[in-house]
Structures are given as structure tokens and as C-alpha cells.
Amino acid sequence: MKGCFIAFEGPEGAGKSTQIRHLAERLKTAGVMPVVSREPGGTSAGDAIREVILDPQLTMTPLTEFLLYSASRAEHVREVIGPALEANKVVISDRFAGASVAYQGHGRGVPLAFIHDLTNQISDYLPDITVLLDIDVELGLDRIATRGQLDRLEQADLSFHKRVRQGFLTQAKNNSSWLIFEANQAEDELSDKLYDALYPRICAKLEL
């Protein structure tokens, strides 16, 4: 696979968006211009689907939730991820398929085999590196409580979020392309650790 595909994952409140922003800025300073995107979203259709998935006024079955995420992912791969990687660029995505395994699989109970099978139908691309920003569930939820109204997934009960966290940790344990970082540390310190770990891997993948 061309390019370098990095996905950021983690429980709610882990600080993914902040660290993605720091990494992108530092890569630009180093002369690497990344494509930064997110799931659900990243495309016009994906952004519309995002509004539905996260609407706190809506209820839906776990299967419906997963299929909506998958629809957004299909567009994301076709319009953003695939073309960028084929152009040998660095892609940084705020969540990818690992989130479906954790949230809809471990969290909601959608069969993992079904999640993997559909994901393989949707995308020929898998992250070269998945960054897991791990954080205690209660601490993460306390962080997001200060943002204002919570979205539909953020409002789920504590046991759900604990299952999600365990789903992420299980994937990281079983896949050498996953890197775990403790999210409960100073923002700048974490940013330094992430850059030091990722930049050499990016250079190696792009043969810089």
C-alpha cells in the first residue's frame, strides 16, 4: 500500500482531536503535508450521516448504528483515504474500523465476524499505525462533561464505555500495528512522545 495511513482511537475524552492537530502541525513543519479527516464524516455524505448517528434525540438498534458508520466509512475510503494514499500521502484519521469493533462490537454486541467481513468489503486499506490514546473511563467522561450537551454515544451508560475501552485494549494486544499511549498526561508531553514514535515510522513507510 502506498502512503502512510494512521488512525487515532480511544475512549471518550482521550484527546484524539487535540493530539491529531499537534501531530499534523509538526509534520507540516517537517515538510510532510498530511491529509487529516475523521469518522463518521470526512465527506458530504459522511457528515450528514454523522448528524444522524450522534443525534441524542434518536434511538436505533446496534445493527443500524453499525451500518450507518459503515456507510460513512465507504464514502470516506472512496473519496478521501484511497485517493490520498494512492498519491503517497500521509492520512491521519480520527477513528477508523477499530472504533466499530470497540463501540458496535464490544460495546453494543454486534458480531465481530460481521464487522470484520463488512469492513473488508468496504476498504482495501487498513491503517499502517493505529494510535490508541487510553484513558480511565470515568476520567474521560468527566473531561467531556465540560463541553456542553453530550452526543448519543457519549450519553451511553458507564458499563458501555467500559466495554468499549476493553475492546480497544483487546485489539491493541492482538495487533502489533497498534501503539498505546497513556492519555492522562500533559498535552505537550504526550505530543512529544507521539511525534517521536510516529515520525520515524512515517519516514520509513514513505521512504523519505
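The coordinates are above.
Values in this document were obtained by computation on a predicted structure and should not be read as measured data.

What counts, and at which threshold
Residues numbered from 1 in each chain as written. Predicted model: local features only at pLDDT ≥ 70, side-chain atom pairs only at ≥ 80, totals over all residues. Heavy atoms only, no water. Helix = DSSP H or I, 4+ residues; strand = E, 2+ residues; numbered from the N terminus. Buried < 20%, exposed > 50% of the residue type's maximum accessible area, 1.4 Å probe, protein only. Contact = heavy atoms within 4.5 Å. Areas by Shrake-Rupley, 256 points an atom, 1.4 Å probe, with all protein chains shown as cover. Lys, Arg positive; Asp, Glu negative; His and termini not counted. Charge placed at Lys NZ, Arg CZ, Asp CG, Glu CD. Phe/Tyr/Trp six-rings, centres within 6.5 Å; stacked < 30°, edge-to-face > 60°. Axes fitted to C-alpha atoms, helices over the stretch in contact; angles between N-to-C directions. Parallel < 35°, antiparallel > 145°, perpendicular 65-115°, else oblique. Left-handed = near helix turned anticlockwise from the far one by under 90°. Nonpolar A, V, L, I, M, F, W, Y, C, P; charged D, E, K, R; others polar. Pairing = 2+ DSSP bridges. Core = buried A, V, L, I, M, F, W, Y, C linked by side-chain atoms within 4.5 Å.

A.B. asks: Please give an account of the overall build of the protein chain that cites residues and values.
C.D. replies: Across its full length, the protein chain carries 8 helices and 5 strands. Helices and strands appear in the protein chain in the N-to-C order β-α-β-α-α-β-α-α-β-α-α-β-α. Over its C-alpha atoms, taken along the principal directions, the protein chain stretches across nearly 45 × 40 × 30 Å. Residues classed as buried in the protein chain amount to 50% of the 208 residues present. For the protein chain, the share of sequence-separated contacts (at least 6 apart) that also reach a separation of at least 24 residues comes to 79%. Just so you have it, the protein chain exposes about 9,700 Å², and 51% of that area is on carbon and sulfur atoms. Measuring between centres, the 22 positive side-chain charges of the protein chain sit 1 Å from its 29 negative side-chain charges.

A.B. asks: Lay out the side chain of Ser37 in plain terms, naming residues and giving numbers.
C.D. replies: If you trace the backbone, Ser37 turns up in strand β2 (residues 35-38). Setting aside its immediate chain neighbours within four residues, Ser37 contacts Gly42, His76, Val80, Ile92, Ser93 and Asp94.

A.B. asks: Tell me about the packing of aromatic side chains, residues and numbers included.
C.D. replies: The way to describe two aromatic rings as a pair is by their centre distance and the angle between their planes. This structure, assessed with the given rule, holds 5 aromatic pairs. Ring geometry for Phe5 against Phe96: centres 5.0 Å apart, planes inclined by 75 degrees, an arrangement best described as edge-to-face. One end of the pair, Phe5, is in strand β1 (residues 4-9); the other, Phe96, is in the loop between β3 (90-94) and α4 (97-107), and 91 residues separate them in sequence. Note on accessibility: Phe5 and Phe96 belong to one class, buried. Centre to centre, the rings of Tyr103 and Phe168 are 6.0 Å apart; their planes meet at 75 degrees, and the pair counts as edge-to-face. Linking Tyr103 in helix α4 with Phe168 in helix α7 (residues 158-174), this pair joins segments that are 65 residues apart in sequence. The class for Phe168 is buried, based on a relative accessible area of 0%.

A.B. asks: So what about the packing of α4 against helix α5 (residues 112-122)? Which residues, and what values?
C.D. replies: Two numbers describe how α4 lies on α5: the axes approach to 10 Å, and their chain directions differ by 155 degrees. Relative to α5, the element α4 is oriented roughly antiparallel. The handedness of the crossing between α4 and α5 comes out as right-handed. Within the contact between the two elements, α4 uses Ala97, Ser100, Val101, Gln104, Gly105 and His106 and α5 uses Leu112, Ile115, His116 and Thr119. Residues that form the contact of α4 with α5 fall into these classes: 4 nonpolar, 6 polar and no charged.

A.B. asks: Break down the environment of Phe8 for me, with residues and values.
C.D. replies: By the secondary structure assignment, Phe8 is in strand β1. Judged by relative accessible area, which is 0%, Phe8 ranks as buried. When the C-alpha positions of Phe8 and Phe181 are compared, they lie 11 Å apart, and in sequence the two are 173 residues distant.

A.B. asks: Would you mind going over the sheet that holds β3 in detail, with residue names and values included?
C.D. replies: Working definition: the strands of a sheet are paired by backbone hydrogen bonds and lie parallel or antiparallel to each other. Spatially, β2-β3-β1-β4-β5 is the arrangement adopted by the 5 strands of the open sheet, whose pairing is parallel. Each of the sheet's edge strands pairs with one partner strand only, and the pair in question is β2 and β5 (178-182). With direction set aside, neighbouring strand axes in the sheet form an average angle of 20 degrees. Note that β1 and strand β4 (residues 129-134) share 4 bridges and pair parallel. Following the sheet pairing, Glu9 is matched in β4 by Leu132. Those strands touched by helix α3 (residues 62-86) are β1, β2 and β3, and its axis lies near 155 degrees from that of β2.

A.B. asks: Let's hear about the nonpolar core: which residues, and what values?
C.D. replies: In this structure, Phe8, Val90, Val131 and Leu133 are the most contacted members of the largest nonpolar core, which totals 24 residues. The dominant element in this core, judged by the number of residues it contributes, is helix α8 (residues 187-206), at 7 residues. Setting aside its immediate chain neighbours within four residues, Val90 contacts Cys4, Ile6, Leu27, Val32, Pro34, Val35, Ile202 and Leu206. Among the nonpolar cores identified, the runner-up in size contains 15 residues, and Ile53, Leu54, Ala102 and Ala172 belong to it.

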